[in-house]
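The residues making up each chain are set out below.
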Amino acid sequence: MSTGTVTPPPKKTNRIGLEVLNYKGSRTTLCAGCGHNSISERIVECFYELGVEPYRVAKFSGIGCSSKSPAYFLGMSHGLNGVHGRMPALATGALLANRTLLGVGVTGDGDTASIGMGQFVHLVRRNMPLIYIIEDNGVYGLTKGQFSATADLGSTLKTGAPNDLPPFDCCALAMRWGATLVARSFSGDKKQLQTVLKAAIAHRGLSVIDVISPCVTFNDHVGSTKSYSYIKDHEEVLHDLDFVPFYEDISVEIPEGDVMDIPMHDGSHLRIRKLHKDYDPTDRRRALGLLEEADAKGEVLTGILYVDPAKPTFVDLLNLTEEPVATLPESRVRPSREVLETVMEELR
Ligand SMILES: Cc1ncc(C[n+]2csc(CCOP(=O)(O)OP(=O)(O)O)c2C)c(N)n1
Ligand code: SF4
Ligand SMILES: [Mg+2]
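**Q** What exactly am I supposed to notice about unusual backbone geometry here?
**A** For residues besides glycine, phi is generally negative; the peptide bonds are generally trans as well. In this model, Leu74 sits at a positive phi of 45°, which is unusual for a non-glycine residue. As for its position among the elements, Leu74 is in the loop between helix H2 (65-68) and strand E2 (78-81). Here the phi dihedral of Lys144 falls at roughly 80°; this positive angle occurs in a residue that is not glycine. A relative accessible area of 63% places Lys144 in the exposed class.

Here it is in structure tokens:
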């Protein structure tokens, strides 16, 4: 006879035994339908699926609706929310102090390309090992929808007022000045965004990911070039992307056709199947040229635009100790009395 007790099904866990719940954060306070929420969901999925230990991750942000999002994912990770446009300096400091952390920066187009441009270009120049996600809606969502520096020429506000300044292209800028993984994606393209994020997690160097992320409250009307419908009509997908994590047997799947295999820093592989463009994402000049061509045609090119897995990062250039500076014992960071006396002697 049945006792009536039902055994609950076993909980689904990833390769390190954690549930997806362990990768979530607080409930979002952003508007329903905001593209930023979809990006947070993709981040949760990717870190869960790859089995990244949450304690290894440090989240950084500035100010804006986008910069609030680190509260909505990876609630068991470290987090630092700073001043508007100054996240790169915070991230640089923290990641130099502890080189074993996996840094994830979330920023807005205003946070990066308007007030934060000075900090952004130096982060790029240094190829700081950081996943830098720009949640790009072309406006300052948090302060009620003014144009940012990524708003396209001629795009209009809800009032009908046109933008009369040309935009900065953060991807072109990042590629030109030193970032080593540069991608553009769309918050509504689940598979592409997931693969791009996984590639960035596997990459060692600065990954700049510009995600077009519509602001449903202030910039989703006819006349906006960052609305859901505009991007759906103008998106030009560069390639089909696949990601093979380091812990999977690469020899299992042998891709057919025009596929490029790019080994990543951690042993994972990025597989790029060309669609209709003659495109090599390791050719920076060609990538920059294609971006310009797409721009002239009014197309929004998405995919991994550029990747260089080999270039040294800022951490490598500084020749930091393998052991994080933050946890070195005092005996190893403080010169001995004899050494200090020698230095003083030399200065006399
Ligand atoms: C030093 C400083 N200047 C201005 C502001 C006002 N401010 C807050 S958020 C923001 C813009 C946010 O836009 P964005 O980075 O694109 O984020 P979104 O809200 O669109 O996601 C501005 C100008 C501020 N908080 N601090
Ligand atoms: S105002 Fe715009 S950017 Fe901010 S939460 Fe709402 S939809 Fe998102
Ligand atoms: Mg914005």
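Read on for the rest.
**Q** Mind showing me how you'd approach the site of ligand 2 here?
**A** The environment of ligand 2 is formed by Leu30, Cys31, Cys34, His36, Cys65, Asn137, Gly141, Cys215, Val216, Thr217 and Phe218. Looking at the shell around ligand 2 residue by residue, the class counts come to seven nonpolar, four polar and no charged.

**Q** Sorry, what's going on with the sheet that holds strand E11 (residues 259-263) here?
**A** What links the strands of a sheet is backbone hydrogen bonding, and the strands pair in either a parallel or an antiparallel sense. Read across the open sheet, the three strands follow the order E10-E12-E11; overall the sheet is antiparallel. For this open sheet the edge positions go to strand E10 (239-244) and E11, each flanked by a neighbour on one side alone. Each adjacent strand pair in this sheet contributes to an overall mean axis angle of 20°, direction not counted. In this structure, E11 lies alongside strand E12 (residues 269-274), joined through five bridges in antiparallel fashion. Bridging from a neighbouring strand, Ile262 pairs with Leu270 of E12.

**Q** Can you help me understand the sheet that holds strand E8 (residues 206-212) in this one?
**A** Strand order in the open sheet formed by eight strands is E2-E1-E3-E4-E8-E7-E13-E9, with mixed pairing between adjacent strands. One side of each edge strand has no neighbouring strand; the edge strands of this open sheet are E2 and strand E9 (235-237). Within the sheet, the average angular offset between the axes of one strand and its neighbour, ignoring direction, is 20°. Taken together, the six bridges between strand E7 (residues 181-186) and E8 define a ladder with parallel strand orientation. Bridge pairing in E8 places Arg184 opposite Asp210. Relative to the sheet, helix H1 (residues 35-50) contacts strand E1 (57-61), strand E3 (102-108), strand E4 (130-136) and E8, its axis offset from that of E4 by approximately 155°. Across the sheet, helix H7 (residues 190-202) is in contact with E3, E4, E7, E8, E9 and strand E13 (300-307); its angle to E7 comes to roughly 160°.

**Q** Please explain the pairing of E7 as it appears in this structure.
**A** Every other side chain in a regular strand lies on the same face of the sheet, so the side chains alternate between the two faces. For E7, the tally of buried residues reaches six of six residues, placing the bulk of the element in the interior. Burial along E7 is two-sided: the residues Leu181, Ala183 and Ser185 and Val182, Arg184 and Phe186 are all buried. For the crossover from E7 across H7 to E8, the handedness is right-handed. Pairing analysis gives four bridges linking E7 to E13, with the strands arranged antiparallel.

**Q** When you look at the coordination of the magnesium ion (ligand 3) in this model, what are you seeing that I'm missing?
**A** Working reference: metal with six octahedral donors, ideal angles 90 or 180 degrees; metal with four tetrahedral donors, ideal angle 109.5 degrees. Summarising the metal site, the magnesium ion (ligand 3) is bound by the protein donors Asp109 (OD), Asn137 (OD1) and Val139 (O), whose distances to it range over 2.1 to 2.3 Å. Sequence positions of the donors to the magnesium ion (ligand 3) reduce to the motif D-x27-N-x1-V. Taken together, the residues span a long stretch of sequence, with Asp109 in helix H4 (residues 109-114) and Asn137 in the loop between E4 and strand E5 (139-140) at a distance of 28 residues. Judged by its relative accessible area of 2%, Asp109 falls in the buried class. With relative accessibility at 4%, the residue Asn137 sits in the buried group.

**Q** I would appreciate a short explanation of the packing of aromatic side chains in the present structure.
**A** The description of an aromatic ring pair rests on the distance of the ring centres and on the angle between the ring planes. For the structure on display, the rule yields four aromatic pairs. Ring geometry for Phe246 and Tyr247: centres 5.3 Å apart, planes at 90°, overall edge-to-face. Relative accessible area serves as the criterion here: at 42%, Phe246 is assigned to the partly exposed category. Cation over ring: Lys59 sits above Phe73, and NZ or CZ is 5.6 Å from the ring centre. Geometry around Trp177 places Arg176 over its ring, the cationic atom sitting 4.2 Å from the centre.

**Q** What is the right way to read the environment of Ser187 from this model?
**A** Looking at the secondary structure, you find Ser187 in the loop between E7 and H7. Taking C-alpha positions, Ser187 is 5.2 Å from Ser213, a pair spaced 26 residues apart along the chain. Leave out the neighbours within four places in its chain, and Ser187 touches Gly35, Ser38, Ile39, Leu193, Val211, Ile212, Ser213, Pro214 and Tyr228.

Conventions adopted
Residues numbered from 1 in each chain as written. Chains lettered and ligands numbered in written order. Predicted model: local features only at pLDDT ≥ 70, side-chain atom pairs only at ≥ 80, totals over all residues. Heavy atoms only, no water. Helix = DSSP H or I, 4+ residues; strand = E, 2+ residues; numbered from the N terminus. Buried < 20%, exposed > 50% of the residue type's maximum accessible area, 1.4 Å probe, protein only. Near = heavy atom within 4 Å. Nonpolar A, V, L, I, M, F, W, Y, C, P; charged D, E, K, R; others polar. Pairing = 2+ DSSP bridges. Axes fitted to C-alpha atoms, helices over the stretch in contact; angles between N-to-C directions. Contact = heavy atoms within 4.5 Å. Right-handed = clockwise from strand over helix to strand, strands pointing away. Donors = N, O, S within 2.8 Å, 3.2 Å for Na, K, Ca; no water. Phe/Tyr/Trp six-rings, centres within 6.5 Å; stacked < 30°, edge-to-face > 60°. Lys NZ or Arg CZ within 6 Å of the ring centre and 35° of its normal.

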